[in-house]
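Now for the letters of each chain:
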Amino acid sequence: MSGLENKIVLVTGGSGGIGQALAWEFTRQRCRVAIAARRQETLLACAEEIARHGGEVLAIACDVTDRQQVKDLGAAIGARWGAVQILINNAGIARAASFTEMADELWDEILATNLTGTYNCCKVFLPEMLRAKWGRIINIGSTTAKVGYRHVTAYTASKHGLLGLTRSLALETARQGVTVNMICPGYVDDERTRENAQVLAQKAGKSVTEILQLFAASAPQQRLIEVDEVSSLAALIASEKLGGMTGQAISVDGGATMV
C-alpha cells in the first residue's frame with residue numbers, strides 16, 4: 001500500500017478477532033503497530049506471535065473508557081516511537097439481550113466502550129495528527145450503524161452514535177490532512193459473534209450452529225465475513241490511495257445493507 005511503511009498505528013481492542021487481524025495486516029505493510037486492550041496477558045501473546053514473524057509491535061494494556069489510561073497509552077507510544085499517525089478504534093462490546101431484560105449496567109458499559117471510548121482516543125490522538133497535517137482515523141462500526149437489529153439495542157445505539165462522530169470529525173478535519181472513516185462489517189466469523197449466537201441459541205432453544213446459519217442467511221452472499229476482509233480494507237483506507245475519502249461508512253457485509 002502506498003505510503004504506509006514506518007507509519008505508527010494504534011489498534012484498540014487489538015488482542016483478538018478483527019483487532020488481531022488489523023495488527024497483522026499493518027505489520028505486513030511494514031508499519032509499527034501498537035495494540036491495546038484490557039487484558040495484558042492476551043495482548044502479549046498476540047504481540048509475541050506477530051513479532052516472531054518479523055512484525056514491529058508494542059502491546060500496552062488500556063481501558064479506553066478511562067481517559068487517564070488513554071492519555072498514558074499515548075505517552076507510552078510517544079516515548080517509544082512518536083505520535084500515532086493511524087488510529088483504529090476497534091475496542092468494543094457486543095452483547096445480546098432484549099430491551100426489557102437488559103440491565104441498565106449493560107447499556108452503560110456498551111456506550112462507554114463503543115462510543116465514549118472512541119471519543120477518548122480521538123481526543124488524545126487527533127491533536128498530533130492535526131499538527132502534522134496528516135492522519136487517519138478508522139472507526140470499526142457495524143451494519144447496526146445503519147439499520148436496527150433486535151436484541152442488541154445498546155450496541156445499535158452505540159454504533160449509530162459512532163457514525164455521527166465519524167461524520168462530524170471528518171467535516172472538522174477535512175482541510176487539515178486528516179481523514180476519518182468507518183468500516184461497517186456484517187456478522188463476522190469471530191469469537192464475539194459466536195458468544196452472541198450462544199446467548200440467542202439458549203433463548204430460542206436452537207443450536208449455536210443454527211443461529212450462525214441464520215446470521216449468515218441475513219446477507220445475500222449467505223456467509224459470515226472474514227476478519228481479513230475488514231483488515232485489508234482498513235489498510236487501503238489508511239493508504240495514500242484513498243486520501244480523498246473521508247466521512248464514509250463502508251459496509252463489508254455480504255450485501256446485507258444494500259437497501
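Residues numbered from 1 in each chain as written. Predicted model: local features only at pLDDT ≥ 70, side-chain atom pairs only at ≥ 80, totals over all residues. Heavy atoms only, no water.

Caption draft 1: The arrangement of the environment of Ala219 in detail. Structurally, Ala219 can be placed in the loop between helix H7 (208-217) and helix H8 (227-238). Taking the relative accessible area as the measure of exposure, Ala219 reaches 4% and is therefore buried. In this structure the C-alpha to C-alpha distance between Ala219 and Ile8, which are 211 residues apart in sequence, comes to 35 Å. Residues within four places of Ala219 in sequence aside, it is in contact with Asp253, Gly254 and Ala256. (Helix = DSSP H or I, 4+ residues; strand = E, 2+ residues; numbered from the N terminus. Buried < 20%, exposed > 50% of the residue type's maximum accessible area, 1.4 Å probe, protein only. Contact = heavy atoms within 4.5 Å.)

Caption draft 2: Structural detail: the nonpolar core. Membership of the largest hydrophobic core comes to 36 residues, with the highest contact counts inside it found for Phe26, Ile35, Ile88 and Ile183. For this core, the secondary structure elements donating two or more residues are strand S1 (8-12), helix H1 (17-28), strand S2 (32-37), helix H2 (40-52), strand S3 (56-61), strand S4 (86-89), strand S5 (135-140) and H8. It is H8 that contributes the most residues to this core, 7 residues altogether. Residues in contact with Ile88, not counting those within four places in the same chain, are Val9, Leu10, Val11, Thr12, Leu22, Phe26, Ile138 and Ile140. Membership of the second largest hydrophobic core comes to 32 residues, among which are Ile8, Trp81, Cys122 and Leu165. (Core = buried A, V, L, I, M, F, W, Y, C linked by side-chain atoms within 4.5 Å.)

Caption draft 3: Geometry of H1. Taking 1.5 Å as the rise per residue, H1 with 12 residues should run 16 Å; its terminal C-alpha atoms sit 17 Å apart, in good agreement. Counting buried residues in H1 gives 10 out of 12 residues, a clear majority hidden from the surface. Every buried residue of H1 is listed here: Gly17, Ile18, Gly19, Ala21, Leu22, Ala23, Trp24, Glu25, Phe26 and Thr27. Where H1 ends, the next residue or the one after it, Arg30, has phi of about 65°, a positive value. (Expected span 1.5 Å × (residues − 1).)

Caption draft 4: Up close: the packing of helix H4 (residues 104-132) against helix H5 (residues 153-173). It is the contact of H4 with H5, at a shortest axis distance of 8 Å, that shows an interaxial angle of 15°. Here H4 lies roughly parallel to H5, going by the angle between them. Relative to H5, H4 is oriented so that their crossing is right-handed. Contacts between H4 and H5 involve Trp107, Ile110, Leu111, Asn114, Leu115, Thr118, Tyr119, Cys122, Leu126 and Leu130 from the former and Thr153, Ala154, Tyr155, Ala157, Ser158, Lys159, Gly161, Leu162, Leu165, Leu169 and Thr173 from the latter. When its residues are assigned to classes, the contact of H4 with H5 shows 14 nonpolar, 6 polar and 1 charged. (Axes fitted to C-alpha atoms, helices over the stretch in contact; angles between N-to-C directions. Parallel < 35°, antiparallel > 145°, perpendicular 65-115°, else oblique. Left-handed = near helix turned anticlockwise from the far one by under 90°. Nonpolar A, V, L, I, M, F, W, Y, C, P; charged D, E, K, R; others polar.)

Caption draft 5: Broad picture of the side chain of Asn89. Turning to its location among the elements, Asn89 is positioned in strand S4. In terms of polar contacts, Asn89 uses its side chain to reach the side chain of Asn139, at 2.8 Å. Those residues within four positions of Asn89 in sequence are excluded, and the remaining contacts are Thr12, Thr118, Cys121, Cys122, Ile137, Ile138, Asn139 and Ile140. (Polar contact = N/O pair within 3.5 Å; in protein donor to acceptor, adjacent residues only side chain to side chain.)

Caption draft 6: Spatial organisation of the sheet that holds S3. Spatial ordering of the open sheet is given by S3-S2-S1-S4-S5-S6-S7, a layout of 7 strands whose pairing is parallel. Of all strands in the sheet, those bounded by a partner on one side alone are S3 and strand S7 (249-252). Along the sheet, successive strands turn relative to each other by an average axial angle of 20°, direction set aside. As defined by bridge partners, S1 adjoins S2 across 5 bridges and the pair is classed as parallel. Within the sheet, the bridge partner assigned to Ile8 lies in S2 and is Arg32. Together, S1, S2 and S3 form the strand contacts of helix H3 (residues 67-80), whose direction differs from that of S3 by roughly 150°. (Pairing = 2+ DSSP bridges.)

Purely geometric numbers; function is a separate question.
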